[in-house]
Amino acid sequence: MKIVLLPGMDGTGLLFKDFIRASPLDCLVLSLPESGEQSHKALSEIMVNNLPTDAYALVAESFSGGLVPYLIQSAKVKPQAIILVASFLHSPRPLLAKCVYYLPWKILLKIPGAKWIVKYWCMNQSSENQFQQLWTLLCEMDMNLMKRRLFAIRELDIPEYK
């Protein structure tokens, strides 16, 4: 069985690198499209055609959890299993997402102590290597893209499964 990995807000799947290396299973990362609308519904409409046509399990991390209901509605072959990792199917904190959307991220990441704050709040139990991967992604990520995905989280409205 294939493992289909859907990445978090960064959309790259780079944080799955160690998992893929350790997994004895065949893994496929479906990176999130960077252009166009970033709503979960719009992204799933693009990504559904990249799902396998044979048996697979779907692993959705963080932001990608909201893609799952849309993907399984449209998938030609339904997943054998679905695993949500630190994820959500509706906006966990809409007010916080709204506030975070307006923050000047590029400036905040350069403030002294920002690295420590991110490590403490986001990855307090992580190894230094794991945290460094996240920090690198945060510093390199297109902040306009991140804001569009934060908006998608804020507006997340999951369809009923048919």
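Conventions we followed
Note that residues are indexed from 1 along each chain, following the sequence as it is written. Owing to the predicted nature of the model, reporting of local features is limited to residues with pLDDT of at least 70; listing and counting of side-chain atom pairs is limited to 80 or more, with chain, interface and lining totals taken over all residues. As a convention, hydrogens and water are excluded, and side-chain values are obtained from all of the structure's heavy atoms. For helices, the fitted line uses only the C-alpha atoms of the stretch in contact; every axis is such a line through C-alpha atoms, and the angle between N-to-C directions lies from 0 to 180 degrees. Labels follow the DSSP assignment, with helices taken as runs of H or I lasting at least four residues and strands as runs of E lasting at least two, numbered in each case from the N terminus. Crossing handedness follows the turn of the near helix against the far one: under a right angle anticlockwise gives a left-handed crossing, and clockwise gives a right-handed one. Here a residue-residue contact requires only that any non-hydrogen atoms of the pair lie within 4.5 Å. Residue polarity is assigned by list, with Asp, Glu, Lys and Arg as charged and Ala, Val, Leu, Ile, Met, Phe, Trp, Tyr, Cys and Pro as nonpolar; anything else, Gly included, falls into the polar class. Relative accessibility decides the category of a residue: with a 1.4 Å probe and only protein chains considered, values under 20% of the type maximum give buried, values over 50% give exposed, and everything between is partly exposed.

### Looking at the packing of helix α6 (residues 114–122) against helix α7 (residues 128–140)
The axes of two packed helices give the description: the angle between them and the distance between them.
Thought 1: At a minimum axis distance of 11 Å, the contact between α6 and α7 shows a crossing angle of 115°. Pair α6 / α7 crosses with right-handed handedness. Note on element contacts: α7 touches α6 through Glu128, Phe131, Gln132, Leu134, Trp135 and Leu138, opposite Ala114, Lys115, Val118, Lys119 and Cys122.
Thought 2: For the contact of α6 with α7, a count of residues per class yields seven nonpolar, one polar and three charged.

### Describing unusual backbone geometry
Thought 1: You will see that Ser62, though not glycine, has its phi angle at about 50°, which is positive.
Thought 2: Looking at where Ser62 falls in the secondary structure, it is placed in the loop between β3 (56–61) and α3 (68–74).
Thought 3: The phi dihedral of Ala86 is positive, around 45°, even though this residue is not glycine.
Thought 4: Tracing the backbone through its elements, the reader meets Ala86 in the loop between β4 (81–85) and α4 (94–101).
Thought 5: Overall, the relative accessible area of 68% leaves Ala86 in the exposed class.

The analysis is restricted to geometry; functional conclusions fall outside its scope.
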